[in-house]
Amino acid sequence: MSAFDDLMAVLAPRFGRVEPRRQARNYLLGLLSPLADKNGWTLAEAAGDRSPDKMQRLLNAARWDADAVRDDLRDYAAAQVGDPAGVLIVDETGFVKKGVKSAGVQRQYSGTAGRVENCQLGVFLAYASPHGRVLLDRELYLPRTWCDDQARRREAGIGDEVRFATKPALGLRMLARALDAGLPANWVTGDEAYGKDGKFRLWLQQRHIGYVLAVPSNQKVPTERGSARADALAAAASALAWKRRSCGDGVKGPRVYDWAVATLPDTGTAEHGHTRRLLIRRSIAKPTELAYYLCYGPDGTGDEELIRVAGTRWAIEECFQTSKNEVGLDHYQVRRYDAWYRHITLVMLAHAFLATTASQAEKGATNRNATASSASPSARSDVSWHT
């Protein structure tokens with residue numbers, strides 16, 4: 001447990017008193033335990049408490065700064081898995097809830113459930129590098145109906161400083177924190193909710209951060225002849241434009257698709273030395289299934305790099321799955337706004353500890369094994385396809 005003790009030593013100053021510090025340790029140990037359910041009662045029982053009161057007090061009333069702990073988590077992740085090849089990933093996940101009291105809950109579309117549900121939505125920032133993948137930051141999405149309802153806000157402990165923000169705006173808030181802290185990352189990726197937002201893309205360009213962002217098929221793309229839909233450009237790509245490549249390993253091995261990349265004309269928004277591109281992914285088994293990405297990065301960025309970054313987006317889905325299955329991301333029973341942040345922050349810490357420990361163990365096994373073993377142009381000129 002020395003690695004865990006080292007982590008707790010870093011966090012200790014965030015808890016001014018012994019009792020919340022001890023309870024936070026017990027909470028994290030419970031999250032890391034093999035308990036099937038990780039709610040207040042089960043965590044309390046695992047810690048030897050007679051009731052969940054101490055666990056609930058940690059989340060609802062104890063004095064400690066969840067944002068400061070989040071910053072410690074970011075520094076811990078940078079030290080453990082930081083790498084210049086790191087990619088920042090923005091996405092959201094849903095938390096299905098009963099009732100109407102939990103902060104931000106309402107009937108809204110949840111990509112996790114694949115339908116409209118009574119749920120909360122959390123927007124997350126993940127970091128993926130060759131050394132591992134972790135969740136770094138979190139923001140609870142508050143619909144306008146919540147932001148405009150003072151009675152509900154007060155009951156859920158939502159301060160007056162909290163204002164309505166779109167999911168892309170929440171994503172930018174987290175990206176700014178990570179980049180301002182010097183986290184090593186030159187790329188950002190995300191799904192269509194973020195890729196189709198022009199303000200989101202422009203902000204990244206102004207920060208000189210490369211991106212590979214999914215966009216819908218009807219996304220307007222600049223060409224030499226004006227603008228065209230992404231799917232129309234894909235339909236016009238010649239056979240020579242497509243390359244069969246893996247975008248990274250999945251559970252069943254390499255994720256292989258056909259890919260096409262086109263350089264887009266400069267419309268005056270790209271920074272000097274940077275180029276915008278359109279990346280298209282086509283399923284091999286179902287060639288009619290295509291995905292589209294707007295890309296931005298330094299001149300000379302290879303197609304393989306864009307494909308790598310596009311494939312990295314799955315890392316956050318894996319983080320969500322692992323966090324929910326192993327450390328109780330969605331097991332909380334809190335209603336207050338600040339309590340949500342506290343539980344989620346502690347869960348992200350537990351997940352980061354598991355992820356980095358597993359990565360280090362895998363690296364050690366690899367090193368031991370290594371030591372032992374050593375004993376044509378497109379049909380149209382609208383865009384320039386890479387061949």
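See the structure above.
In this text the structure is predicted, and so the values were computed from the model without any measurement.

Caption draft 1: Here's a closer look at empty space enclosed by the protein. Quantified by volume, the largest cavity comes out at close to 40 Å³. Elements supplying a minimum of two residues to the lining of the largest cavity: α5 (66-81), β4 (132-140) and α8 (167-180). When residues in the lining of the largest cavity are grouped by element, the largest group, three residues, is from α8.

Caption draft 2: Fine view of the layout of surface pockets. As a volume, the second largest pocket reaches approximately 330 Å³. Taken together, 16 residues line the second largest pocket, and the ones lying closest to its centre are Arg133, Cys247, Gly248, Asp249 and Thr312. Breaking the lining of the second largest pocket down by element, the ones donating at least two residues are β3 (115-129), β9 (243-250), α12 (303-312) and α13 (314-326). A per-class count over the lining of the second largest pocket returns seven nonpolar, four polar and five charged.

Caption draft 3: Broad picture of the pattern of salt bridges. Across all of its chains, the model carries 25 salt bridges by this definition. For Arg138, the salt bridge is made with Asp137, and the minimal N-O distance between the two is 3.4 Å. Assigned by exposure class, Arg138 and Asp137 land together as buried. Residue Lys286 pairs with Glu289 through a salt bridge whose shortest N-O separation is 4.0 Å. You can call Glu289 partly exposed: its relative accessible area is 44%. Residues joined in a network through salt bridges with shared partners are Asp67, Arg70, Asp71, Arg74, Asp75, Asp137, Arg138, Glu139, Arg173 and Arg177.

Caption draft 4: Broad picture of the nonpolar core. Counting residues in hydrophobic clusters, the biggest one holds 120 residues, and the most contacted among them are Leu88, Phe124, Leu175 and Leu279. When residues of this core are assigned to their parent elements, the largest contribution, twelve residues, is made by helix α14 (residues 337-374).

Caption draft 5: Just unusual backbone geometry, in detail. The phi dihedral of His208 falls on the positive side, at around 60°, and the residue is not glycine. Turning to its location among the elements, His208 is positioned in the loop between α10 (198-206) and β6 (210-215). When its relative accessible area of 48% is taken as the criterion, His208 is described as partly exposed.

Caption draft 6: Broad picture of α5. The end-to-end C-alpha distance of α5, which contains 16 residues, comes to 22 Å, matching closely the 22 Å that a straight helix rising 1.5 Å per residue would cover. Three or more residues of α5 are buried, namely Ala66, Ala68, Val69, Arg70, Asp72, Leu73, Arg74, Tyr76, Ala77 and Val81. The backbone nitrogen of Asp67 lies 2.9 Å from a side-chain oxygen of the residue at the head of α5, namely Asp65.

Caption draft 7: Fine view of the side chain of Asp137. Position of Asp137 relative to the elements: it lies in strand β4. Of the residues examined, Asp137 reaches a relative accessible area of 4% and is grouped as buried. A distance of 2.8 Å separates the side chain of Asp137 from the side chain of Arg177, its partner in a polar contact. Contact partners of Asp137, with chain neighbours within four places excluded, come to Arg70, Val123, Phe124, Leu125, Met174, Arg177 and Met348.

Caption draft 8: Spotlight on the pairing of strand β1 (residues 87-96). In terms of burial, β1 is largely enclosed, as eight of its ten residues are buried. Pairing of β1 with β3 involves ten bridges; the strand directions are antiparallel. Across the sheet, the residue bridging to Val96 is Cys119, located in β3. In this structure, β1 lies alongside strand β5 (residues 187-190), joined through four bridges in parallel fashion. By the bridge assignment for β5, Leu88 is matched with Val188.

Each value, and the rule that gives it
- Residues numbered from 1 in each chain as written.
- Predicted model: local features only at pLDDT ≥ 70, side-chain atom pairs only at ≥ 80, totals over all residues.
- Heavy atoms only, no water.
- 1 Å grid on protein atoms, 1.4 Å probe; cavity = no way out; pocket = protein on both sides within 12 Å on 5 of 7 lines; lining within 4 Å.
- Points joined across faces, edges and corners; volume = space filled by probe spheres on them.
- Helix = DSSP H or I, 4+ residues; strand = E, 2+ residues; numbered from the N terminus.
- Nonpolar A, V, L, I, M, F, W, Y, C, P; charged D, E, K, R; others polar.
- Salt bridge = Lys/Arg side-chain N within 4 Å of Asp/Glu carboxyl O.
- Buried < 20%, exposed > 50% of the residue type's maximum accessible area, 1.4 Å probe, protein only.
- Core = buried A, V, L, I, M, F, W, Y, C linked by side-chain atoms within 4.5 Å.
- Expected span 1.5 Å × (residues − 1).
- Polar contact = N/O pair within 3.5 Å; in protein donor to acceptor, adjacent residues only side chain to side chain.
- Contact = heavy atoms within 4.5 Å.
- Pairing = 2+ DSSP bridges.

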